[in-house]
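The residues making up each chain are set out below.
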Amino acid sequence: MSDVFHKQVADRVALLELRRPPHNFVDEGALTDLADALLAYDDDDDVSCVVLASQGKHFCAGVDLRGIGAAGIRRFYRQALRVFSGRKPVVAAVHGAAVGGGLGLAMAADFRVAAPDARFTANFARLGFHHGFGLTVTLPRALGQQRALELLYTGRSVNGTEAVELGLCDRVADDPRGAAIAFASEIAASAPLSLPAIRATMRRSMVAEVSAALDIEANAQAALLGTADFAEGIAASVEKRPPRFTSS
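(A) Representation of the nonpolar core. Counting residues in hydrophobic clusters, the biggest one holds 62 residues, and the most contacted among them are Leu16, Phe59, Tyr77, Val94, Phe120 and Phe133. When residues no more than four places from it in sequence are discounted, the contact partners of Val94 are Phe59, Ala106, Val113, Ala114, Ala115, Ala118, Phe120 and Pro176. Cys49, Ala53, Ile187 and Ala188 belong to the second largest nonpolar core, which has 16 residues in total.

(B) Looking closely at the packing of aromatic side chains. Tallying each qualifying case throughout the model produces five aromatic pairs. Between the aromatic rings of Phe76 and Tyr77, the centroid separation amounts to 5.6 Å while the plane-to-plane angle is 65°, which identifies the pairing as edge-to-face. This pair shows no difference in class: Phe76 is buried, exactly as Tyr77 is. For the ring pair Phe129 and Phe230, a centre distance of 4.6 Å and an interplane angle of 25° mean the geometry is stacked. Placement of the pair is Phe129 in the loop between strand S7 (119-121) and helix H4 (135-143) and Phe230 in helix H9 (residues 228-239), with a sequence separation of 101 residues. Owing to a relative accessible area of 8%, Phe230 belongs among the buried residues under this scheme. Each member of the aromatic cluster is reached from another via a ring pair, and the members are Phe76, Tyr77, Phe84 and Phe133. Arg171 extends its terminal NZ or CZ atom over the ring of Phe183, reaching a point 3.7 Å from the ring centre.

(C) Just the sheet that holds strand S1 (residues 4-10), in detail. On the basis of which strands lie adjacent, the open sheet formed by six strands has the order S1-S2-S3-S4-S6-S9 and mixed pairing. In this open sheet, the two strands that pair with only one neighbour each are S1 and strand S9 (171-172). In this sheet, strand S2 (residues 13-18) lies alongside S1 in antiparallel orientation, the contact comprising six bridges. Each bridged residue has a counterpart across the sheet, and for Val4 the counterpart in S2 is Leu18. Set on the sheet, helix H1 (residues 28-40) makes contact with S1, S2, strand S3 (49-54) and strand S4 (90-94); between it and S1 the angle comes to about 30°.

(D) Region of interest: H4. Turning to H4, its buried residues number three or more, namely Leu135, Val137, Thr138, Leu139 and Leu143. Elements in contact with the buried residues of H4: helix H2 (70-84), helix H3 (101-107), helix H5 (145-154), helix H6 (160-166) and helix H8 (194-224).

(E) Highlighting the side chain of Arg12. Within the secondary structure, Arg12 is located in the loop between S1 and S2. Buried and unpaired, Arg12 has no salt bridge, with Asp46 as the nearest side chain of opposite charge at 4.9 Å. Arg12 has contacts with Asp45, Asp46, Val47, Ser48, Cys49, Ala188 and Pro192, leaving out every residue within four places of it along the chain.

(F) Local environment of the environment of Phe183. By the element assignment, Phe183 lies in helix H7 (residues 176-188). On a C-alpha basis, the gap between Phe183 and Cys49 in space is 9.6 Å, while along the polypeptide they are 134 residues apart. Excluding its chain neighbours within four sequence positions, the residues that come into contact with Phe183 are Val91, Phe111, Val113 and Arg171.

(G) View of the pairing of strand S6 (residues 111-114). Bridge analysis of S4 against S6 gives four bridges, and the strand direction is parallel. Note that in S6 the partner of Val94 across the bridge is Ala114.

(H) Just the sheet that holds strand S5 (residues 97-99), in detail. Within the open sheet, the three strands sit side by side as S5-S7-S8. Their pairing is mixed. Among the strands making up the open sheet, the edge pair consists of S5 and strand S8 (157-159). Across the sheet, the mean angle separating the axes of adjacent strands is 15° when strand polarity is ignored. As judged from the three bridges shared by S5 and S7, these two strands associate in the parallel manner. Paired with Ala98 across the bridge in S7 is Phe120.

The rules behind the values
Residues numbered from 1 in each chain as written. Predicted model: local features only at pLDDT ≥ 70, side-chain atom pairs only at ≥ 80, totals over all residues. Heavy atoms only, no water. Core = buried A, V, L, I, M, F, W, Y, C linked by side-chain atoms within 4.5 Å. Buried < 20%, exposed > 50% of the residue type's maximum accessible area, 1.4 Å probe, protein only. Contact = heavy atoms within 4.5 Å. Phe/Tyr/Trp six-rings, centres within 6.5 Å; stacked < 30°, edge-to-face > 60°. Helix = DSSP H or I, 4+ residues; strand = E, 2+ residues; numbered from the N terminus. Lys NZ or Arg CZ within 6 Å of the ring centre and 35° of its normal. Pairing = 2+ DSSP bridges. Axes fitted to C-alpha atoms, helices over the stretch in contact; angles between N-to-C directions. Lys, Arg positive; Asp, Glu negative; His and termini not counted. Salt bridge = Lys/Arg side-chain N within 4 Å of Asp/Glu carboxyl O.

Quick look at the structure:
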């Protein structure tokens, strides 16, 4: 059974929903399903804009790293690049947590609509790891270099309200899914041939930069997978305690 569900929910608007509740952790298979469904809209003349949402407690609490090695990371990021590469605009509806790779997934969309208490976290350094999913490119583009560095270095969480103030999100709403569908309907009212043409022009350089960044991020992550600090970071996260890093 696929981990994604999609249907048309308004005039020329489709809903693409990740269904791995409650936390919606993604692995290579789930991300492949998501990319396949997203790219299928490229050839659907009845869809002009896509809403990306999730079923369960969180939008996406991160990537399932169990058993993954360097080759697995690179395969995963080949699917991540496909998520960036579609032709139709995407509005992400974010509730609960968008953590680590889940934040990367949200940032792959053109726009983000968040619940006020949504939580955006680039927690990689707190895990003894390196960020990924193209955040090297997408975070500075949204926040500016200094704010992006702050979030990456500290791993602190940002709620939906602050995310809008910082430029990480575009709108905040108590019902982010409904608001995202309404926003997507505004976009879908534009000419259906114009939207993919504008998106291709406006995102061309970003997608090229993301492609290059994913290779660099994969190498950095692969180098840290076997370290004691990464093992400690994961253990501390599971045990809900401060990590004790040893630079090893």
